[in-house]
Structures are given as C-alpha cells and as structure tokens.
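Each chain, written out:
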Amino acid sequence: MTAASRAACALLLALGLAPGAQAELRKFDMTIEEFDFEVAPGLTTKVWAYDGQVPGPLIHVREGDDVEVTVQNNTTMSHTVHFHGTYQTGTWQMDGVPDVSQKAIEPGDSFTYRFVADKPGSLWYHCHVNTAEHIDLRGMWGPMIVDPKKPTALEKQVTKDAIVMFSGWDSSVAKEYGKNGVPHRELDYFSINGKSHPGNQPIRVKKGDVLRLRLYAPNAPVAFHLHGHDSLVTHKDGLPITPYPVDVIAMQPGERYDLIVRMNNPGIWMAHDHIEEHTTAGGKEGAGSMLVVEYEGIDKPGFYMWKDVAYDPDFYLSESLKKPYGKHNNPGFMGFDPALPRPAAPAAGGHAGM
Ligand code: CU
Ligand code: CU
Ligand code: CU
C-alpha cells in the first residue's frame, strides 16, 4: 500500500465510510431439507429445498466479498450447490458439479463452499445433481444478489427492488422422488416465488418509485409482460447492458434480466407470463405465473381479487434486500417452521389426479 492510499484509507475510516467499502467475509450455514411443499391448492409436491424454502434463502453480498457457505444435507439424496454466474476464479473446486469439481454431498454430510463473489448482479444458485429432477421438479434454486462495486447511474435511482422467480411443476411426478419427468416431461402448474397465483402476492409501489424487477427463469421459458408501463432492460445475467425498452421480455431457462420501471401510471396492473399455458394451474385458468402491481392510494374495487389479501411486503424480498448483507430467510417460503417439529407428510395429497 502506498503512502497516498494509506492516507486515503485513514481518511475513509475517519469519515466512517470504511464498513462496506472493503471486501468482507460473509459466512453462512445452509441446510437442505426434504418435505412436501404446496405450490397451489391442487398441487403439493415433494421437494428438496435449501433451508427448507422454495425459493431458497436470499444470499446478498457485495462484489469482492469472500463467501463461505457450509451446506448440511438433511435429505435422503445427494446434492450440491452451484453458484450460477460466479466465475470461481482460482476456486473451480467450489463450482458445485458432482463428479467434476467435487463429490456430491451425501445424506447426513456437509460441505463448505469458499469463493470470492467475483461477478456482480442478479445471480442464483442451484443443485447440480440430476438437474432434470433437482432443479426442474424439486425446487432446488434460490437468488444470490451481488451488489456491484460500481452501480450504473440508472440503478442508483432504484427505490424498490423485487426478485421474481418463475417456475413450472409436473404434478405427475409430485408424489415420488426419483422421477425426473423425462421423457415427455409436462409442466402443468406454474408459480412465481413458489406460489401459483392467486396464492402469491402483489408488488406494492408508490407513484414515483423506480422499480427494479429481477426476473429469473430457473426451469422453464418465460415471456414476462407488465401492463401499463414500458420497462428498461438494464442487465442480462447480472451484467449491465445498454438499456432498451420492452413491454415483453422473453427468457430461456437459467437466464436473468433486470428491468427498471418508472412507476408513473397509478392503477392496479396485471403482470404475467405471456406463454399462455403458464397462466394455468392443473388445467385451470387465471392461475400460475401471474401477479399484480398495485399503486398505493388506489381505491380497490369490490371485485378486485386481492382486495383484502394479507400483504407480505417481503414476498418479492424487497425488505430482505434492504437489510445488511447476509443470508435472509423468508418464513413464507418454508414448507415447515424450522423451530417446530417437522409435520408429517400429508397422507393423501392434492395433485391433480393423474
Ligand atoms: Cu439436489
Ligand atoms: Cu446454472
Ligand atoms: Cu396481459
């Protein structure tokens, strides 16, 4: 360190600016749990889930941080964690691919992933064992947000952040592990953050908000459309691009797009996957991958389906993203309360009788 940079550091410290300005060690414990998870009234499906949640917990760190995640496998199947997007510079053994970069974590065992958060943006993590089952059908995915050291001028304007993870489910293999649904995998339930509409939540905004939608397509294509507004696509797979306006954005599995929307048109607005079969659940319409963006202060008409919904301000992790860096759980995504004894699996269950 030169005398000049030492002086600069001393100045930052004196100004109280150092915390957060330098790389920190972010250390987390995470478990993998096995249970029955309700996606929709007609579909309870077997999952393996990080920390017992679908989506898995939010991991929120800053670019350059050292990340250490110890994963305990409490299930009957082997798993890994692949931190999708992270470059793993010099740490390829932490890439989470069974029989390529590590031995899978066996039931009852644990493994510690250590790496630098060297790529910023809307990243995610998922299991890399038999992905046609573990990602596709068993909910083994969650968001990892790595704040960039140098945010763009546009993203500095964001006043409200929302993480929106789309997924499809195959009810024909919901009740039995070991089925990956191929060939002829048929997704027949669709969800946002693990819940099929109307079991999900509105995104509430104020006029003047600058809303960032962090869109994820873990296991199925999506054609996202927000009514009443154009969105600026600002980031693709975590990295900034030259922003361009859209009213529909198409995504393939694995992709992420950040959309920034100026909330300048008060109302109650539908937002949905425009692949029409994805707006169904077990063949019923008006369900699946749909949500509503509600402006505060709008009188909700009597017929409005979510007029009296019990509002969870963290369903899109908007509140968690404001908390200090760390791992953030959302009890609403859990299949059970980890503080309580585990519930027995439902005796007969609710999938759309195949
Ligand atoms: Cu797995
Ligand atoms: Cu991946
Ligand atoms: Cu529409």
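Only a predicted model underlies this, so the values are computations on that prediction, with no experimental measurement involved.

Draft legend 1. Quick look at the overall build of the protein. Scanning the protein from N- to C-terminus turns up 3 helices and 22 strands. Residues counted as buried form 42% of the 354 residues belonging to the protein. Contacts spanning at least 24 positions in sequence make up 75% of the contacts within the protein whose residues lie at least 6 apart.

Draft legend 2. Geometry of unusual backbone geometry. In this structure, the amide linkage connecting Val 54 to the following residue, Pro 55, adopts the cis form with an omega of -5°. The peptide bond linking His 197 to Pro 198 adopts the cis configuration, its omega dihedral lying at 5°. Here Pro 198 shows up in the loop between strand 10 (189-192) and strand 11 (203-205). For Asp 99, which is not glycine, the phi dihedral falls at a positive 65°. Along the chain, Asp 99 falls in the loop between strand 5 (82-84) and strand 6 (110-116).

Draft legend 3. Spotlight on the sheet that holds strand 2 (residues 43-50). Taken in spatial order, the 4 strands line up as 2-1-4-6 in an open sheet, and their pairing is mixed. Of all the strands in the sheet, the pair left with one neighbour each is strand 2 and strand 6. Within this sheet the neighbouring strands show an average axis-to-axis angle of 25°, counted without direction. Looking at chain direction, strand 1 (residues 25-40) and strand 2 are connected through 8 bridges and run antiparallel. Among the inter-strand pairings, Glu 38 is bridged to a residue of strand 2, identified as Thr 44.

Draft legend 4. Geometry of the nonpolar core. The biggest cluster of nonpolar side chains holds 76 residues, and the ones touching the most others in it are Ala 49, Met 144, Val 164 and Leu 215. Ranked by the residues each element gives to this core, the list is headed by strand 9 (residues 160-169), at 6 residues. Composition of this core by domain shows at least three residues from each of domain 1 (22-147) and domain 2 (155-320). For Leu 215, the residues in contact, after removing those within four places along its chain, are Val 164, Phe 224, Ile 249, Met 251, Arg 256, Tyr 257 and Leu 259.

Draft legend 5. Seen up close, the environment of Val 210. Inspection of the secondary structure puts Val 210 in strand 12 (residues 210-216). Using a count of 19 C-beta atoms within 10 Å as the deciding quantity, one classes Val 210 as partly exposed. Distance in space between the C-alpha atoms of Val 210 and Thr 159 is 5.2 Å, their sequence separation being 51 residues. Contacts of Val 210, omitting those with residues within four sequence positions, involve Gln 157, Val 158, Thr 159, Ile 260 and Arg 262.

Draft legend 6. Expanded view of the environment of Pro 98. Structurally, Pro 98 is set in the loop between strand 5 and strand 6. Through-space distance from the C-alpha of Pro 98 to that of Val 81 is 9.5 Å; in sequence the pair is 17 residues apart.

Draft legend 7. Representation of the pairing of strand 4 (residues 66-73). Burial along strand 4 is one-sided: Val 67, Val 69, Val 71 and Asn 73 are buried, while Asp 66, Glu 68, Thr 70 and Gln 72, pointing the other way, are not. With 8 bridges joining them, strand 1 and strand 4 adopt parallel strand pairing. Across the sheet, the residue bridging to Leu 25 is Asp 66, located in strand 4. In terms of strand pairing, strand 4 meets strand 6 through 7 bridges, oriented antiparallel. The partner of Glu 68 across the bridge, within strand 6, is Arg 114.

Draft legend 8. Structural view of the sheet that holds strand 18 (residues 268-273). Pairing in this open sheet of 5 strands is mixed, and the strands run 11-21-18-13-16 from one edge to the other. Bordering the open sheet on either side are strand 11 and strand 16 (248-251), each of which pairs with just one other strand. If you compare each strand with its neighbour and ignore which way they point, the axes differ by 20° on average. Bridge count between strand 13 (residues 222-226) and strand 16: 4 bridges; the pairing is antiparallel. Bridging from a neighbouring strand, Val 222 pairs with Met 251 of strand 16.

Draft legend 9. Representation of the confidence of the model for the protein within the structure. Across the protein, the average pLDDT comes to 90, with 89% of residues at 70 or higher. Scored below 50 in pLDDT, residues 12-20 shows 5 contacts in the model against residues more than four places distant or in partner chains.

Draft legend 10. Up close: the environment of Leu 187. Relative to the helices and strands, Leu 187 is located in the loop between strand 9 and strand 10. What makes Leu 187 partly exposed here is the crowd of 18 C-beta atoms within 10 Å. Leu 187 sits 15 residues away from Ser 172 along the chain, and the two C-alpha atoms are 8.9 Å apart. What Leu 187 contacts, discounting residues up to four positions off in sequence, is Gly 168, Trp 169, Asp 170 and Ala 220.

The rules behind these values
- Residues numbered from 1 in each chain as written.
- Chains lettered and ligands numbered in written order.
- Predicted model: local features only at pLDDT ≥ 70, side-chain atom pairs only at ≥ 80, totals over all residues.
- Helix = DSSP H or I, 4+ residues; strand = E, 2+ residues; numbered from the N terminus.
- Buried ≥ 20, exposed ≤ 12 C-beta atoms within 10 Å, placed from the backbone.
- Contact = placed C-beta atoms within 7 Å.
- Pairing = 2+ DSSP bridges.
- Axes fitted to C-alpha atoms, helices over the stretch in contact; angles between N-to-C directions.
- Core = buried A, V, L, I, M, F, W, Y, C linked by C-beta atoms within 7 Å.
- Domains from an automatic or database assignment.
- pLDDT = per-residue confidence, 0-100.

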